[in-house]
Amino acid sequence: MNLPRRRFLHLAAGAAVLLAVSGFAWAQTYPTHPIAMVVPYPAGGPTDAVARILAEGMRASLGQPIIIENVSGAGGSLGLRRVARAAPDGYTLSIGQLNSHVFSGAIYGTQYDVVMDFEPIAPLTTNPLMFVGKKDLPAKNMKELLAWLNANPGKASFGTIGAGSPTHVWGIYFQNETGTRFQFVPYRGAVPVMQDMLAGQLDLTSLQASDMLPHVRSEKIRAYAIMAKDPWWAAPDIPTVDAAGVPGLHMPFWHGLWVPKDTPNDIIAKLNAAVVAALGDPAVRQRFSNLGQEIFPREQQTPEALRALQKAEIDKWWPIIKAANVKGE
């Protein structure tokens, strides 16, 4: 049976209004059941630790538990694929960092777009990398280290957490900018890198500053620089790379939160508000501080700030990665 055109348009308009109202009501009641937060790395690592503190803090605002799912592999790309394929309903979150949400897009043949297939919620925390050497290296500071590396091209060893990891990419960047050369030694994780550094089996590495600081303070390894523009609050006596004489070699190791593309704006706003509330909680702030993590300023805890940060990092690092033909393991 054919409906008259006016009657058809009337019914179509009514249906559209009904869908809009029901969608609004759905967003208003969100969340009604537990939320999954996908961590693209194994349990026990730094991203997992940040995720668990954040999830606990967000629960108070959302009224629902956030369940951590560790989906690791391929530089974090397997976890991102899980989220990219999820329904855009606010019940699957993607926590990640420089490696998973920047580097993986240039290194791996992913089945998703690290920018277009996700909606940003907010940047979370940051912790710089620290450039360190074994304690018996003859170089006591960056100037002496550069002289030693130039006098011994290709002889020094530099531990990385695998091909395409932040440690590896920063090492490439350092070589390009200083004209030095050393041998990359890949490991499966930061723990074995540190073990060999402490045992004197490696000459150099760059890992998260919070993991390095106790060993620096106990004089088991030597710190050459913090890879940040400004001094690190936890160790202001350790020079930045700029102050050490190699300006611009910054690599802040930050974390952020995303959801699948097409997630309704109202849900994004609720999640952002929950993040802001969690990051403002004194207990949460203290737990992050204990990990050496610095929370982004309140004015930067926005979707727009995370989008801009991710874009800036892609613009900076992708050309370096592609020029070096870095491929994931």
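Please refer to the structure higher up on the page.
Rules and cut-offs
Residues numbered from 1 in each chain as written. Predicted model: local features only at pLDDT ≥ 70, side-chain atom pairs only at ≥ 80, totals over all residues. Heavy atoms only, no water. Helix = DSSP H or I, 4+ residues; strand = E, 2+ residues; numbered from the N terminus. Areas by Shrake-Rupley, 256 points an atom, 1.4 Å probe, with all protein chains shown as cover. Lys, Arg positive; Asp, Glu negative; His and termini not counted. Charge placed at Lys NZ, Arg CZ, Asp CG, Glu CD. Buried < 20%, exposed > 50% of the residue type's maximum accessible area, 1.4 Å probe, protein only. Pairing = 2+ DSSP bridges. Expected span 1.5 Å × (residues − 1). Axes fitted to C-alpha atoms, helices over the stretch in contact; angles between N-to-C directions. Left-handed = near helix turned anticlockwise from the far one by under 90°. Contact = heavy atoms within 4.5 Å. Nonpolar A, V, L, I, M, F, W, Y, C, P; charged D, E, K, R; others polar. Phe/Tyr/Trp six-rings, centres within 6.5 Å; stacked < 30°, edge-to-face > 60°. Core = buried A, V, L, I, M, F, W, Y, C linked by side-chain atoms within 4.5 Å. Salt bridge = Lys/Arg side-chain N within 4 Å of Asp/Glu carboxyl O.

Caption draft 1: Quick look at the overall build of the protein chain. The secondary structure content of the protein chain amounts to twelve helices and ten strands. Once the C-alpha set of the protein chain is aligned to its principal axes, its extents read approximately 90 × 40 × 30 Å. Total accessible area computed for the protein chain in this model is approximately 15100 Å², and 55% of it derives from carbon and sulfur atoms. Across the protein chain, the centroid of the 29 positively charged side chains sits 4 Å from that of the 26 negatively charged ones.

Caption draft 2: Region of interest: the pairing of strand S3 (residues 92-97). Counting buried residues in S3 gives six out of six residues, a clear majority hidden from the surface. The alternating pattern of S3 places Thr 92, Ser 94 and Gly 96 and Leu 93, Ile 95 and Gln 97 on opposite faces, both of which are buried. Direction of pairing for strand S1 (residues 35-39) relative to S3: parallel, over a ladder of three bridges. Looking across to S3, one finds that Ala 36 is bridged to Thr 92. Relative to strand S9 (residues 252-260), S3 runs antiparallel, the two sharing four bridges. Residue pairing in the sheet places Gln 97 in a bridge with His 255 of S9.

Caption draft 3: Structural context of helix H2 (residues 46-62). Compared with an ideal rise of 1.5 Å per residue, which puts 17 residues at 24 Å, H2 spans 24 Å between its outermost C-alpha atoms and is within 8% of the ideal. Of all the positions in H2, only Thr 47, Asp 48, Val 50, Ala 51, Ile 53, Leu 54, Ala 55, Gly 57, Met 58 and Leu 62 are classed as buried. Residue Gly 63 follows H2 closely and has a positive phi angle near 75°.

Caption draft 4: Expanded view of the packing of H2 against helix H10 (residues 265-280). As a packed pair, H2 and H10 sit with axes 8 Å apart at the nearest point and diverge in direction by 115°. You can see that H2 and H10 cross each other, and the crossing is right-handed. Where H2 abuts H10, its residues Leu 54, Gly 57, Met 58, Ser 61 and Leu 62 lie against Lys 270, Leu 271, Ala 274, Val 275, Ala 277, Ala 278 and Leu 279. Partitioned by chemical class, the residues of the contact of H2 with H10 number nine nonpolar, two polar and one charged.

Caption draft 5: Seen up close, the side chain of Thr 92. Note on placement: Thr 92 falls in strand S3. When neighbours within four sequence positions are excluded, Thr 92 is seen to be in contact with Ala 36, Val 38, Arg 82, Val 83, Ala 86, Val 259 and Pro 260.

Caption draft 6: Region of the structure containing the packing of aromatic side chains. Following the criterion strictly, the structure yields 15 aromatic pairs and no others. Between Phe 103 and Trp 317, the aromatic rings sit 5.9 Å apart at their centres with planes inclined by 75°, giving edge-to-face as the arrangement. You can see Phe 103 sitting in helix H4 (residues 98-107) and its partner Trp 317 sitting in helix H12 (residues 303-323), a full 214 residues away along the chain. Judged on exposure class, the residue Phe 103 and its partner Trp 317 are both buried. Their ring planes at 85° and their centres at 5.9 Å tell us that Tyr 112 and Phe 118 sit as a pair that is edge-to-face. By relative accessible area, Tyr 112 is classed as buried at 8%.

Caption draft 7: The arrangement of the nonpolar core in detail. Grouped together as the largest cluster of nonpolar side chains are 48 residues, with contacts concentrated most on Phe 103, Phe 131, Met 142, Trp 170, Phe 174, Leu 204 and Trp 317. Of all the elements, H12 adds the most residues to this core, at six residues. Among the nonpolar cores identified, the runner-up in size contains 31 residues, and Ile 68, Ile 268, Leu 279 and Phe 288 belong to it.

Caption draft 8: Expanded view of H10. The terminal C-alpha atoms of H10 lie 22 Å apart, and with 16 residues this matches the ideal 22 Å at 1.5 Å per residue to within 8%. Along H10, the residues that are buried comprise Ile 267, Ile 268, Leu 271, Asn 272, Ala 274, Val 275, Val 276, Ala 278 and Leu 279.

Caption draft 9: Focus on the pattern of salt bridges. According to the stated counting rule, one finds eight salt bridges in the structure shown. Its salt-bridge partner being Arg 82, residue Glu 69 comes within 3.0 Å of it at the nearest N-O pair. One end of the pair, Glu 69, is in strand S2 (residues 66-70); the other, Arg 82, is in helix H3 (residues 77-84), with 13 residues separating them in the sequence. Between Asp 237 and Arg 217 there is a salt bridge whose closest N-O contact spans 2.8 Å. In this pair, Asp 237 is assigned in the loop between strand S8 (221-226) and helix H9 (241-244) and Arg 217 in helix H8 (residues 209-217), connecting sequence segments 20 residues apart.

Caption draft 10: Broad picture of the pairing of S2. When S1 meets S2, the two strands line up parallel, connected through five bridges. Considered in S2, the bridge of Met 37 is made with Ile 68.

Caption draft 11: How the structure looks around unusual backbone geometry. Between Tyr 30 and the following residue, Pro 31, the backbone shows a cis peptide bond with an omega angle of -5°. Take Pro 31: it is sitting in the loop between helix H1 (5-29) and S1. Unusually for a residue other than glycine, Glu 219 sits at a positive phi of about 60°. With respect to the element layout, Glu 219 can be found in the loop between H8 and S8. Since its relative accessible area comes to 64%, Glu 219 is described here as exposed.

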